[in-house]
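# What the coordinates show
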Amino acid sequence: MPTQQEQKAAKQEQTAGSPSSIRGVVQRIRFASPSPQAPNELYSLGVVGAVRPERHRVVVEPDARLTTNTYFGRLPASYLQRWTQIRELEAVFRVRGTGRLEIHASDAEGEPRILSTADVSAPAEQEIRLKVALDRFMDGGSIWVEAVTTAEELTIEDCRWVIGEPLRDRKTSVVICTFNRADDCLNTMRALGEDTELLAALEHVYVVDQGTDAVQSREDFDKVVALYDGKLRYLRQPNLGGAGGFTRGMFEISGAGGKHANVLLMDDDVLLEPETVLRMSAFANNATDPVIVGGQMLYLYHPNRLHIGAETTDLALLKPGVPVAGALHNVDLTKKLPHRRVTAGYNAWWSCLIPAEVIERCGLPLPMFFQWDDIEYGTRAGRNGFATVTLPGAAVWHADFAWKDWDDWARYFSLRNSLITSALHFDGFDGKTAAKVLAKQLAEYLVSMQYGMAATLLTALEDFLTGPSVLTDGGVAAAANIRKLRNEYPDTHRKQPSDLQVDGAATLPIIDDTGVPSLPKAVMVKRVLNILRGRNGGAAQIMARDAKWWHVSLFKSVIVTDSAQDAFRVRHFDRDVVVDLAKRGTKTLSRLAKEGAAAREEWRGAMGDLTTRENWDRLFKS
């Protein structure tokens, strides 16, 4: 007779399926979250009565109703109908007990309807299959499962949406880029490796470690590696930023020959839903034409909230992360779900699948170090005819952006790389519009006493005008130089309460912002004149949410809470610094307006060389 451990192993193998069983699976329904950090309400709900959800199974008690009309529980029917060749699916259940299974659907407005039902009376476990057609979802809508009971309970296990043969029989290789987040990275590796069924759909998992605190130094590293049964590739290299880490994986995979694998890029510090990897891979393999498939971002500190349903960028205004028309933004997914199908301009690389055809035609990313590397590549792909689909129900949890302070050395790369991306892909780029955008930012930094940010902006602009040679080392020198430069400005230093050296700091009042001015240009002129005349005065404490230029500029000294909520910044008015930065800014912005068109052509001319395998091979060996 098998031991208890052998019985458990057999059960896991049955649940996991054979390597071939995953090929036709479009989506597995999970009834509970993979972590106590994330709410089960994103997976399944007991609408009436009591339900007992577990990860792979749910028990619907008597006189109860279960629904998977939730963020992770729904099938994104509209996206499947628009982008894939799938026109019919089957919902497959293993059930035991008595009740009724129902397949529901919605339209672009969220109005529900029932597609099919099946009454179940199964004293012993049996398989139930329900077919649905993908035929009325073009503008929006989803499909989900419900179960209702009366006098007896119903147990549902191993519920999944399946098709016949996928359009492409292609495995996925995952690339995780990490830098000194060893514990976070190991947790992500473990979550992926423990899903034995998912591993059958993966060719390899590349972990590109660029840090000094190596992931392999952790005690459990070998145990996690063993989960992959030879599929893990752990690589060490110099720190070339996110661009260099992700490109290393793309370099290795595309260099192994042909169109054998999708490339799925993923951050190291996410809370991973492994199902996301399967859903993105299945979508890509069934897409009529090759498309980039992006996962959405949920907030790690507020795990029921969606960042943006789909985003694009305004290259004329150097603005990233613009929600596309109809996309949800910063919403509670337990209260509001997406219904409309929306398009995306690009997808960030917290989780993003790039088909082999895209890499073959577009080449490798630019050696930008980090920030805007994903935007540039997604925009480049779009200009080459490849769409980006940000797929609802495929997501990872990532640290909330609102808890990251923009006044940081990374802002240099965001500014510089936004200019590079605009020059490369915005045909109207001539430097003049960008100069106006950056002049406004510079003025706001100066009146806000953010002198380090002003210097950061100007350095980024100067390096852009220097031309493609600034990317020769992949950004290594720039990363070191901008840290050193910013350290020269006291307003960039993060302070703890005991470090505050402001007269009367302990008793300074907290002064709230009164609101956005109705005439911001007029207010800016007034603030500048008051500063020049010495009419700004006094000191105050200001909360992070209120640290707007029109409010901070009322004072000569402020203690501002950092957006990360773990430190303060102290800003003091310094006339000499303002004058020096203003003069430098006037000169540099004038150069941008005059030389922008020439810079555009120089960057476009160098792009082919910067993105070659030979250039990246040189950087990896540096």
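Residues numbered from 1 in each chain as written. Predicted model: local features only at pLDDT ≥ 70, side-chain atom pairs only at ≥ 80, totals over all residues. Heavy atoms only, no water.

For the rest of this paragraph, the subject is empty space enclosed by the protein. Evaluated as defined, the whole model comprises five cavities of 30 Å³ or more. Estimates place the volume of the largest cavity at around 120 Å³. Along the walls of the largest cavity sit 15 residues, with Arg74, Pro76, Ser142, Pro338 and Pro392 positioned nearest its centre. Going through the elements one at a time, helix H2 (77–83) and strand E20 (388–398) are the ones with two or more residues in the lining of the largest cavity. Take the lining of the largest cavity: its biggest share by element is three residues, from H2. In the lining of the largest cavity, the residues fall into seven nonpolar, six polar and two charged. (1 Å grid on protein atoms, 1.4 Å probe; cavity = no way out; pocket = protein on both sides within 12 Å on 5 of 7 lines; lining within 4 Å. Points joined across faces, edges and corners; volume = space filled by probe spheres on them. Helix = DSSP H or I, 4+ residues; strand = E, 2+ residues; numbered from the N terminus. Nonpolar A, V, L, I, M, F, W, Y, C, P; charged D, E, K, R; others polar.)

Attention shifts here to the pattern of salt bridges. As enumerated under the stated definition, the model contains 40 salt bridges in all. With a closest N to O distance of 2.7 Å, Arg129 and Glu90 form a salt bridge. Note that Arg129 is positioned in strand E7 (residues 112–133) and Glu90 in strand E6 (residues 88–106), a separation of 39 residues in sequence. Here Arg600 makes a salt bridge to Glu601, at a shortest N to O gap of 2.8 Å. Take Arg600: its relative accessible area is 17%, and that puts it in the buried class. In the salt-bridge network here, residues are joined through shared partners; they are Arg28, Arg94, Glu125, Glu157, Asp158, Arg160, Asp195, Glu197, Glu275 and Arg279. (Salt bridge = Lys/Arg side-chain N within 4 Å of Asp/Glu carboxyl O. Buried < 20%, exposed > 50% of the residue type's maximum accessible area, 1.4 Å probe, protein only.)

Another point: the environment of Asp405. Note on placement: Asp405 falls in the loop between E20 and helix H10 (410–425). Asp405 sits 199 residues away from Tyr206 along the chain, and the two C-alpha atoms are 30 Å apart. Aside from chain neighbours lying at most four places away, what touches Asp405 is Asp562, Ser563 and Arg569. Within the structure, Asp405 has its side chain in polar contact with the backbone nitrogen of Asp407 (distance 2.8 Å). Among the polar contacts listed, one links the side chain of Asp405 to the backbone nitrogen of Ser563, at a separation of 2.9 Å. (Contact = heavy atoms within 4.5 Å. Polar contact = N/O pair within 3.5 Å; in protein donor to acceptor, adjacent residues only side chain to side chain.)

Here we take up the packing of helix H9 (residues 373–383) against H10. Running from amino to carboxyl end, H9 crosses H10 at an angle of 5°, the nearest separation of the two axes being 10 Å. Taken together, the axes of H9 and H10 are roughly parallel relative to one another. Each of Glu376, Thr379, Arg380 and Arg383 in H9 lies in contact with H10, whose residues at this interface are Thr421, Leu424 and His425. Residues that form the contact of H9 with H10 fall into these classes: one nonpolar, three polar and three charged. (Axes fitted to C-alpha atoms, helices over the stretch in contact; angles between N-to-C directions. Parallel < 35°, antiparallel > 145°, perpendicular 65-115°, else oblique.)

Let us look at the sheet that holds strand E22 (residues 557–561). Across the sheet, which stays open at both edges, the three strands sit in the order E21-E22-E23 with mixed pairing between neighbours. Strand pairing shows two members of the sheet lacking a second neighbour, strand E21 (539–542) and strand E23 (568–572), which therefore form its edges. Taken over all neighbouring pairs, the strand axes of this sheet differ in orientation by 15° on average, direction set aside. When E21 meets E22, the two strands line up parallel, connected through four bridges. Looking across to E22, one finds that Gln541 is bridged to Ile559. (Pairing = 2+ DSSP bridges.)

Between its terminal C-alpha atoms helix H11 (residues 432–447) stretches 23 Å, which fits the 22 Å expected from 16 residues at 1.5 Å a residue. Ala434, Ala435, Val437, Leu438, Gln441, Leu442, Glu444, Tyr445, Leu446 and Val447 are the residues of H11 that are buried. Tucked inside the fold, the buried residues of H11 contact H10, helix H12 (451–466), helix H14 (520–532), helix H15 (549–552) and helix H16 (575–610). Just beyond H11, the residue with positive phi is Met449, at close to 65°. (Expected span 1.5 Å × (residues − 1).)

Next up on the list: helix H17 (residues 613–620). Taken residue by residue, H17 has Asn615, Trp616, Leu619 and Phe620 as its buried positions. The buried residues of H17 occupy an angular sector of 135° when projected down its axis, which confines them to one face. Turning to H17, the residues buried within the fold contact helix H6 (241–255) and H16. (Arc of directions from axis to C-beta.)

This part covers the environment of Ala455. Tracing the backbone shows Ala455 in helix H12. A relative accessible area of 0% places Ala455 in the buried class. Sequence separation between Ala455 and Asp373 is 82 residues; the distance between their C-alpha atoms is 22 Å. With residues near it in sequence (within four places) discarded, Ala455 still touches Leu485, Tyr489, Leu581 and Arg584.

Turning next to the packing of aromatic side chains. Under the criterion given, the structure shown has 19 aromatic pairs. Between the aromatic rings of Phe221 and Tyr234, the centroid separation amounts to 5.1 Å while the plane-to-plane angle is 65°, which identifies the pairing as edge-to-face. Placement of the pair is Phe221 in helix H5 (residues 221–227) and Tyr234 in strand E12 (residues 232–236), with a sequence separation of 13 residues. An aromatic cluster of three or more residues is present, and its members are Phe369, Phe370, Trp409, Tyr412 and Phe413. Seen from the ring of Trp83, Arg82 lies directly overhead, with NZ or CZ sitting 3.8 Å from the centre. (Phe/Tyr/Trp six-rings, centres within 6.5 Å; stacked < 30°, edge-to-face > 60°. Lys NZ or Arg CZ within 6 Å of the ring centre and 35° of its normal.)

For the rest of this paragraph, the subject is the confidence of the model for the chain. Predicted confidence across the chain gives a mean pLDDT of 93, with 96% of residues reaching 70 or more. Note on residues 1–20: pLDDT under 50 across the span, and 13 contacts to partners over four residues away in sequence or across chains. (pLDDT = per-residue confidence, 0-100.)

Another point: the state of the cysteines. Among covalent bonds in proteins, the disulfide is the one between the sulfur atoms of two cysteines. In the structure shown here, the tally under the stated rule is zero disulfides. No disulfide involves Cys352; its sulfur sits 12 Å from that of Cys362, the nearest cysteine. You can call Cys352 buried: its relative accessible area is 2%. (Disulfide = S-S within 2.5 Å.)

Judged by nonpolar contacts, the single largest core of 88 residues is most densely connected at Phe93, Leu101, Ile143, Ile156, Trp161 and Met189. Among the elements that make up this core, the one with the highest residue count is E6 (eight residues). With residues up to four places along the chain from it excluded, the contact list for Leu101 reads Phe93, Val95, Ser116, Thr117, Ala118, Val120, Ile128, Leu130, Glu146, Ala147, Leu154 and Ile156. (Core = buried A, V, L, I, M, F, W, Y, C linked by side-chain atoms within 4.5 Å.)

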